[in-house]
4 protein chains.
Amino acid sequence: METLEIVKVENKAIEEKALVKNMKALVYHGPGKKSWEEKPKPTIIKSTDAVVKIFKTTICGTDLHIMKGDVPEVTDGRIIGHEGVGVIEEVGNAVSNFKKGDHVLISCITSCGKCDYCKKGMYSHCEDGGWILGHLIDGTQAEYVRIPHADNSLYPIPAGADEEALVMLSDILPTGFECGVLNGQVKPGDTVAIVGSGPIGLAALLTAQFYSPAEIIMIDPDDNRLNIAKTFGATKTINNSTEDVIEKIKSLTNGRGVDTAIEAVGIPATFELCTAIVGPGGHVANIGVHGKSVILHLETLWSQNITITTRLVDTVTTPMLLKTVQSKKLDPNKLITHRFRLDQVIEAYDTFANAAKEKALKVILTN
Amino acid sequence: METLEIVKVENKAIEEKALVKNMKALVYHGPGKKSWEEKPKPTIIKSTDAVVKIFKTTICGTDLHIMKGDVPEVTDGRIIGHEGVGVIEEVGNAVSNFKKGDHVLISCITSCGKCDYCKKGMYSHCEDGGWILGHLIDGTQAEYVRIPHADNSLYPIPAGADEEALVMLSDILPTGFECGVLNGQVKPGDTVAIVGSGPIGLAALLTAQFYSPAEIIMIDPDDNRLNIAKTFGATKTINNSTEDVIEKIKSLTNGRGVDTAIEAVGIPATFELCTAIVGPGGHVANIGVHGKSVILHLETLWSQNITITTRLVDTVTTPMLLKTVQSKKLDPNKLITHRFRLDQVIEAYDTFANAAKEKALKVILTN
Amino acid sequence: METLEIVKVENKAIEEKALVKNMKALVYHGPGKKSWEEKPKPTIIKSTDAVVKIFKTTICGTDLHIMKGDVPEVTDGRIIGHEGVGVIEEVGNAVSNFKKGDHVLISCITSCGKCDYCKKGMYSHCEDGGWILGHLIDGTQAEYVRIPHADNSLYPIPAGADEEALVMLSDILPTGFECGVLNGQVKPGDTVAIVGSGPIGLAALLTAQFYSPAEIIMIDPDDNRLNIAKTFGATKTINNSTEDVIEKIKSLTNGRGVDTAIEAVGIPATFELCTAIVGPGGHVANIGVHGKSVILHLETLWSQNITITTRLVDTVTTPMLLKTVQSKKLDPNKLITHRFRLDQVIEAYDTFANAAKEKALKVILTN
Amino acid sequence: METLEIVKVENKAIEEKALVKNMKALVYHGPGKKSWEEKPKPTIIKSTDAVVKIFKTTICGTDLHIMKGDVPEVTDGRIIGHEGVGVIEEVGNAVSNFKKGDHVLISCITSCGKCDYCKKGMYSHCEDGGWILGHLIDGTQAEYVRIPHADNSLYPIPAGADEEALVMLSDILPTGFECGVLNGQVKPGDTVAIVGSGPIGLAALLTAQFYSPAEIIMIDPDDNRLNIAKTFGATKTINNSTEDVIEKIKSLTNGRGVDTAIEAVGIPATFELCTAIVGPGGHVANIGVHGKSVILHLETLWSQNITITTRLVDTVTTPMLLKTVQSKKLDPNKLITHRFRLDQVIEAYDTFANAAKEKALKVILTN
């Protein structure tokens, strides 16, 4: 009897497999080529997987780099995107934290929860994860996405939460917070400089305020972005295309330099500026994704008791950030400037790629 | 009556001033020129000063740089030296921790104890101190030395201590420990690499063992120094003139890299080696005094969650190091290879300047 | 010639000594007895002293205990008070951070800056200081006060500061912050409970917000004080005379308990309540001055991974708190409810002793 | 075709289930009653389980408590034991770190790796684990044991390791280290007192030496145990049945008290002793399992800036401890005094229950 039942179940499974459903997704086809096209809807491959129906997603600066061909590990046919919120469609049998119908926040970092790095909280270097979504496996700019190690890579969305706002917690806010603010050891009363007032710099600005620094000085060549920074909590701004940043920082800090300098651009000039404005005992926290090496002036810095940090976001602070959003200590909505339907994703890329002209920070794509 | 007494006292002071005593000291007279000559014996200038009769002193690598003319702040006529132990000869009236006859350890760093930096424990940047001995004011390679801010810049020598050994606590051991071991966050079970097996690297090696790392890999081009490192506790050695350090480190760490890489040389190649062998989440702790800038490969390091630190020694751990010496957890004597009388200081410089040939680590000069 | 000058100077000093000036001060004369009376104006005794003319001072809960006779070290004739701001009247010759005319904040804790405890930042246990003002030496409820170790025990008031507000930085704000918030390790997103909504509990409430906890639950039996707490930033309040605190905390924290429980009363019941509401991994930070021992339920707590801390304020965070006030992250004025002239100090004590009835938090006395 | 295969596989599974094998195990049958008897061999229940064939196990002080009936959650029929090493017999399909034949160390703490507590490294409070082995589910004093959440609750044994020694890493060494040494914040140069020289106190003594304290003072009423402590690295011993501990500690610490006092007994007197001998700024780290509440003398301790911690071991340091054993920084064999065959477990309990008389520390049971 029992074995007959099993045969039936298996037959049903085989039939279902035949009826593979399709979905729409943004697909990379080599440098400069992308399309919104049909792809097979993802399915559970391992018992620790979940399939999530995307509700909202967004575009990251990294996605623009991928589209240019700067990230060679991304191959033709890959679905892009590593941010989003959605609803659980299906879970593997080893998934215990989630079930069909649960609303979830997708982390840009996949964490197995059981390798040495994950046990240390360094999910970015997970031996079976890290940044793989929209990079080494298919991503979130699609109607559905498969999330490996779902129990450790998804976060439950509290009832009543503003789900659109939470898309900012997939990547940009933990990145600004972990790589910039935590690594920069921002403390009450400190003077902090943030070089770069784009979305990542602004994410650092928003989350730096968790620790009540006395001054947050925003540095950028775009006055529009500096004005936004002021409304986000910057106490001072410096336009580095028209002002002498080093002199101005000196005058603002009695010649001492800042306690923390956060690099949120990713080019040699901005990193080197950070090391020029940091004071003795201070911290340079790099967030930017760099394509070139930089000059480190150890001939002066060797005696300055400084700390320089690098970090790929671990998203280990996502549960904490969720609490700060729920308690209104953090308002991620401020970062959203444009909204599109998911099937308008190509148009959304155009807007985001012309961020300065479009005065765009983050765009939301709704499925 | 009372005022007459004062007059007498003052007259006596004036007479004494006339009888200024001389002493012998090692004096810098511009690049390549030094002499052992007569100089006025130092006196109390400020109420927080002490005058110390030198009992033992030593020569630092920095002193060799000064003698070459590499440290332009050091001017003709300056008495060199920033290490030593001695006996209090006289104290200013605001000195309360010490009195005539006390045996003291001289810190290479002068600390006022009351500026912002001193209050944070960053004595190296003391606003009325820092590294000034044998640099901006007369130093310890002399029969007597004036120590400003004596209460915070001298340490009492416990009864029965091996005073010669404690000369190593003036600079080299706190430097190896604070800049290398503490900044490198060495922990039990860690794998540590130290690049440079000279006195400073060996000081880092000795003090790294306070934290019971699993492996300490010593890297140097001199086999003699590597052999010494083995007797000091190195678990592995790599001769970087004959071996491929990066490959060897990979094979020793399952391809992960080390937890902490300590730079104890001060040239671009050794710093860049440290950043090449450190693993994700690891620490590069710079000790070396650098004369040139270095290349920092942020194009790979940006995502490696590493920490790079620089530091001029604060000597804030001197009291703790004294305890470890007293309890036999640390044996500084190991670093002493040669002994001279203080009046043989010129000869001692010759030996120390030819350290590799002479198999010299630290030399002791006894007054 | 020179000696004659000295004679003149000395004569002048002797004359001045004869002309000892008096001042008015609040003097303790045994339990229940105090008077506003003439006392000799303080003078420089040691070269590290300063004499400060009091501009504003206040009354502390501890002063009430002294007046009742609860602090037996305070003897008949002692001038009370350990808080205040003022102007430097005179400094000893070893004082270098301050000069006559400087506006200063007086710390309730005297720090020599050169004993083992001071070097560790534990000024509360300074071997030649600690809490001595208005306790073991004369204090600040007077027209003038002598401050020992002035360089380390006074803080410069920035130009343009609201000096009245800064009186709150002498004791109450660093106490709430160091003993409650820092020791309690308050972090962004945390749930914090503060037991006791008096001035100290409110100081903890104000400074806990430096770290952006998600929830701050204030617990007190007085609804008026709970209402004030709400205006100061409490997100929830519980009246422990009418509500079941343990049950309510459970329901607010999904049964887990709070991350940090801050004890701001000083009696066994409130301490034991803190240990009952703290969750696994949480912190109990005691601020209260206790007169009796308490029961610690180790039979349940041994396995709960909790941390319990005690602390006499060190005022090591005063420079940082000054920065947060200057940058408007902290508004100490909120704590001031009543103002008197210094010569009305007896009346001010009456008001402060009836704090609940008078709806008093802190009173300001202006000289 | 494929479905037929499945039918065959399933039939085989059914047959195998019929052939359930038995094993021998130590079973608790209520207070005072235990027997070595036949029990069904455990099988995989969840896909995250592993079944381990026990190679070596041991008896814990907690097991003695269970046998007396002190741990009411342990019910009649339960297999006791929560320590051991063994070989993987079978793994569930979601287990990826281990496969049949792997040699493993069993942690006394089961960790799911995906609840809030596990993500914070507080495995002791895992929402689907914690201390359950030999407590809420069957344990390790048996020929086989089922280990839930195997990927996070087992550790691979390095090739060539002394497996017997590693049994000490299941519980006693991480307990002494995490609850005593880490929570006690032992640092180089510190003075540490450990109250209780039984196996747990000795585990704290061994692992405290990772941090090179200057002094480790062992306190116990049994001279034999104190003598053992001396051979394990104690620098001083105090017999608290014949000596005045408080006076002796005072004289050993210049009246200051110890930096860290570790409680390794679990009764009020020893905890209260710890709070009496700790100095200002010091740490009391409780390891003991307490059955009664204790008196905390806040009337004196409130101002002493002390930290008191409690902790159920998390075994989060097991990978690090494995490294220290492999690198010979830690020799767990020292703790093993007696060896038995697993089927002699009843006799082993008798020996361990009379530890003082038998001079027993830890016993090893070999299957």
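Everything numeric here is computed off the predicted structure, so don't read it as measured data. (Residues numbered from 1 in each chain as written. Chains lettered and ligands numbered in written order. Predicted model: local features only at pLDDT ≥ 70, side-chain atom pairs only at ≥ 80, totals over all residues. Heavy atoms only, no water.)

Colleague: What am I meant to see in the overall build of chain A here?
Modeller: The number of helices and strands found in chain A is 14 helices and 16 strands. The C-alpha radius of gyration computed for chain A amounts to 22 Å, which stays within 12% of the reference 21 Å derived for 367 residues, consistent with globular compactness. Each of the three principal axes of chain A carries a C-alpha extent, and together these read 85 × 40 × 40 Å. Every one of the 367 residues in chain A was classed for burial, and the buried ones make up 61%. Long-range pairs, those at least 24 residues apart, make up 69% of the contacts in chain A with a sequence separation of at least 6. Averaging the positions of the 38 positive and the 45 negative side-chain charges in chain A gives two centres separated by 3 Å. (Helix = DSSP H or I, 4+ residues; strand = E, 2+ residues; numbered from the N terminus. Rg over C-alpha atoms; globule rule 2.2 N^0.38 Å. Buried < 20%, exposed > 50% of the residue type's maximum accessible area, 1.4 Å probe, protein only. Contact = heavy atoms within 4.5 Å. Lys, Arg positive; Asp, Glu negative; His and termini not counted. Charge placed at Lys NZ, Arg CZ, Asp CG, Glu CD.)

Colleague: Teacher, can you tell me more about the interface of chain C and chain D here?
Modeller: You'll often see interface size given as the accessible area lost when the parts meet. Contacts between the two partners involve 36 residues from chain C and, on the opposite side, 36 residues from chain D. Surface buried jointly by chain C and chain D totals about 3200 Å² across both partners, of which 57% is contributed by carbon and sulfur atoms. Inspection of the region where chain C meets chain D yields 4 salt bridges. The residue Arg256 of chain D makes a salt bridge to Asp116 of chain C at a minimum N-O spacing of 3.3 Å. The interface formed by chain C and chain D holds 25 residue pairs in polar contact (both at pLDDT 80 or more) in total. Contributing elements (two or more residues each) for the side of chain C that touches chain D: α3 (116-119), β12 (278-286), β13 (294-296), α11 (298-301) and β14 (307-309) of chain C. A class-by-class count of the residues in the side of chain C that touches chain D yields 14 nonpolar, 15 polar and 7 charged. The pairing of β13 of chain C with strand β14 (residues 294-296) of chain D spans 3 bridges and is antiparallel. Each bridged residue has a counterpart across the sheet, and for Val294 of chain C the counterpart in β14 of chain D is Leu296 of chain D. (Buried area = accessible area lost by both parts, 1.4 Å probe. Salt bridge = Lys/Arg side-chain N within 4 Å of Asp/Glu carboxyl O. Polar contact = N/O pair within 3.5 Å; in protein donor to acceptor, adjacent residues only side chain to side chain. Nonpolar A, V, L, I, M, F, W, Y, C, P; charged D, E, K, R; others polar. Pairing = 2+ DSSP bridges.)

Colleague: Hey, could you run me through the packing of helix α2 (residues 61-68) of chain A against helix α13 (residues 345-353) of chain A in this one?
Modeller: When two helices pack together, their arrangement is given by the angle between the helix axes and by the axis-to-axis distance. All names here are of chain A. Their axes nearest at 11 Å, the elements α2 and α13 cross at an angle of 105 degrees. If you check the angle between α2 and α13, you find them roughly perpendicular. Contact residues: α2 offers Gly61, Asp63, Leu64 and Met67, while α13 offers Tyr349, Phe352 and Ala353. By residue class, the composition of the contact of α2 with α13 is 5 nonpolar, 1 polar and 1 charged. (Axes fitted to C-alpha atoms, helices over the stretch in contact; angles between N-to-C directions. Parallel < 35°, antiparallel > 145°, perpendicular 65-115°, else oblique.)

Colleague: Sorry if this is basic, but what is going on with the environment of Ser107 of chain A here?
Modeller: Residues and elements named next belong to chain A. Along the chain, Ser107 turns up in the loop between β5 (103-106) and α3 (116-119). The exposure class of Ser107 is buried, given its relative accessible area of 4%. A C-alpha to C-alpha distance of 7.6 Å links Ser107 and Tyr155, two positions 48 residues apart in sequence. With near-sequence residues (within four places) excluded, Ser107 lies in contact with His82, Leu133, Ser153, Tyr155, Ser170 and Thr315. Only 3.0 Å separates the side chain of Ser107 from the backbone nitrogen of Ile109, close enough to count as a polar contact.

Colleague: How should I be thinking about the relation of the copies chain C and chain D in this particular structure?
Modeller: The relation between the two copies of this chain is a rotation about an axis and a shift parallel to it. For the pair chain C and chain D, the best superposition has an RMSD of 0.0 Å and corresponds to a rotation of 180 degrees with a translation of 0.0 Å parallel to the axis. Here the symmetry operator amounts to a two-fold rotation axis. Most of the interface of chain C is mirrored in chain D: 100% of its interface residues are interface residues there too. (Least-squares fit on C-alpha atoms with pLDDT ≥ 70 in both.)

Colleague: I tried to follow the relation of the copies chain B and chain A on my own but got confused; where do I start?
Modeller: Least-squares fitting of chain B to chain A yields an RMSD of 0.0 Å, with the superposition described by an axial translation of 0.0 Å and a rotation of 180 degrees. When the interface residues of chain B are mapped onto chain A, 100% of them again fall at the interface, so both copies present the same face.

Colleague: Hey, could you run me through the pattern of salt bridges in this one?
Modeller: Counted by the stated rule, this structure contains 67 salt bridges over all chains. Glu89 of chain A is paired through a salt bridge with Lys41 of chain A; the nearest N and O atoms lie 3.0 Å apart. One end of the pair, Glu89 of chain A, is in strand β4 (residues 84-91); the other, Lys41 of chain A, is in the loop between β2 (34-40) and β3 (50-58), and 48 residues separate them in sequence. Look at Lys41 of chain A and you get buried, because its relative accessible area is 18%. Among the ionic pairs, Glu178 of chain B bridges to Arg311 of chain B, the shortest N-O distance being 3.5 Å. With a gap of 133 residues between them, Glu178 of chain B in helix α6 (residues 172-182) and Arg311 of chain B in the loop between β14 (307-309) and α12 (318-326) connect regions that are remote in the sequence. Glu178 of chain B gets classed as buried once you look at its relative accessible area, which sits at 0%. When its relative accessible area of 12% is taken as the criterion, Arg311 of chain B is described as buried. Salt bridges linked by common partners bring Lys56, Glu164 and Arg339 of chain A together as one network.

Colleague: Sorry, what's going on with the sheet that holds strand β4 (residues 78-79) of chain D here?
Modeller: Within a sheet, neighbouring strands are paired by backbone hydrogen bonds and run either parallel or antiparallel to one another. Residue and element names in this part refer to chain D. Taken in spatial order, the 3 strands make up an open sheet running β2-β1-β4, and their pairing is antiparallel. Both outer strands of the open sheet, β2 (34-40) and β4, are each paired with one neighbouring strand and no more. With 2 bridges joining them, strand β1 (residues 22-28) and β4 adopt antiparallel strand pairing. Considered in β4, the bridge of Tyr28 is made with Arg78. Its contacts with the sheet put helix α13 (residues 345-353) on β1 and β2, and the angle it makes with β2 is roughly 145 degrees.

Colleague: What's the story with the side chain of Ser111 of chain D in this structure? I'm lost.
Modeller: Looking at where Ser111 of chain D falls in the secondary structure, it is placed in the loop between β6 (103-106) and α3 (116-119). In terms of polar contacts, Ser111 of chain D uses its side chain to reach the backbone amide nitrogen of Gly113 of chain D, at 3.4 Å.

Colleague: For this particular structure, what's the right way to read helix α2 (residues 61-68) of chain C?
Modeller: One turn of the α-helix equals 3.6 residues, which is why residues spaced by three or four share an orientation. Residues and elements named next belong to chain C. Residues of α2 that are buried: Asp63, Ile66 and Met67. Looking straight down α2, one finds that the buried residues subtend no more than 100 degrees of arc, so they occupy a single side. Buried residues along α2 sit against β1 (22-28), β2 (34-40), β3 (50-58) and α13 (345-353). Two residues or fewer past α2, Gly69 is found with a positive phi of approximately 95 degrees. (Arc of directions from axis to C-beta.)

Colleague: Mind showing me how you'd approach the interface of chain B and chain A here?
Modeller: Counting from both sides, the interface comprises 36 residues of chain B and, opposite them, 36 residues of chain A. The tally of links from chain B across to chain A stands at 4 salt bridges. Run the count over chain B and chain A and you get 25 residue pairs in polar contact (both at pLDDT 80 or more). For the side of chain B that touches chain A, the secondary structure elements donating two or more residues are α3 (116-119), β12 (278-286), β13 (294-296), α11 (298-301) and β14 of chain B.

Colleague: Explain unusual backbone geometry here, please?
Modeller: What is expected of a backbone is that most residues other than glycine have negative phi and most peptide bonds are trans. All names here are of chain D. Positive phi, normally seen in glycine, also occurs at Ser212, with a value near 55 degrees. You can see Ser212 is positioned in the loop between α7 (199-208) and β10 (215-220). The phi dihedral of Asn305 falls on the positive side, at around 55 degrees, and the residue is not glycine. Among the secondary structure elements, Asn305 is positioned in the loop between α11 (298-301) and β15 (307-309).

Colleague: I'm lost on the side chain of Asn305 of chain C in this one. Help?
Modeller: For Asn305 of chain C, a relative accessible area of 8% translates into the label buried. Reaching out from Asn305 of chain C, the side chain makes a polar contact with the side chain of Ser124 of chain D at a distance of 3.3 Å. At a separation of 3.3 Å, a polar atom in the side chain of Asn305 of chain C contacts the side chain of Asp314 of chain D. Residues within four places of Asn305 of chain C in sequence aside, it is in contact with Gly281 and Gly282 of chain C together with Met122, Ser124, His125, Thr310, Arg311, Leu312 and Asp314 of chain D.

Colleague: Got a minute to help me understand the pairing of β1 of chain C in this structure?
Modeller: Successive residues of a regular strand alternate their side chains across the two faces of the sheet. All names here are of chain C. Of all 7 residues in β1, 5 are buried, a share of seventy percent or more. Relative to β2, β1 runs antiparallel, the two sharing 7 bridges. Following the sheet pairing, Leu26 is matched in β2 by Trp36. The hairpin turn running from β1 into β2, its antiparallel successor, is 5 residues long, and Gly30 in that turn takes a positive phi close to 95 degrees.

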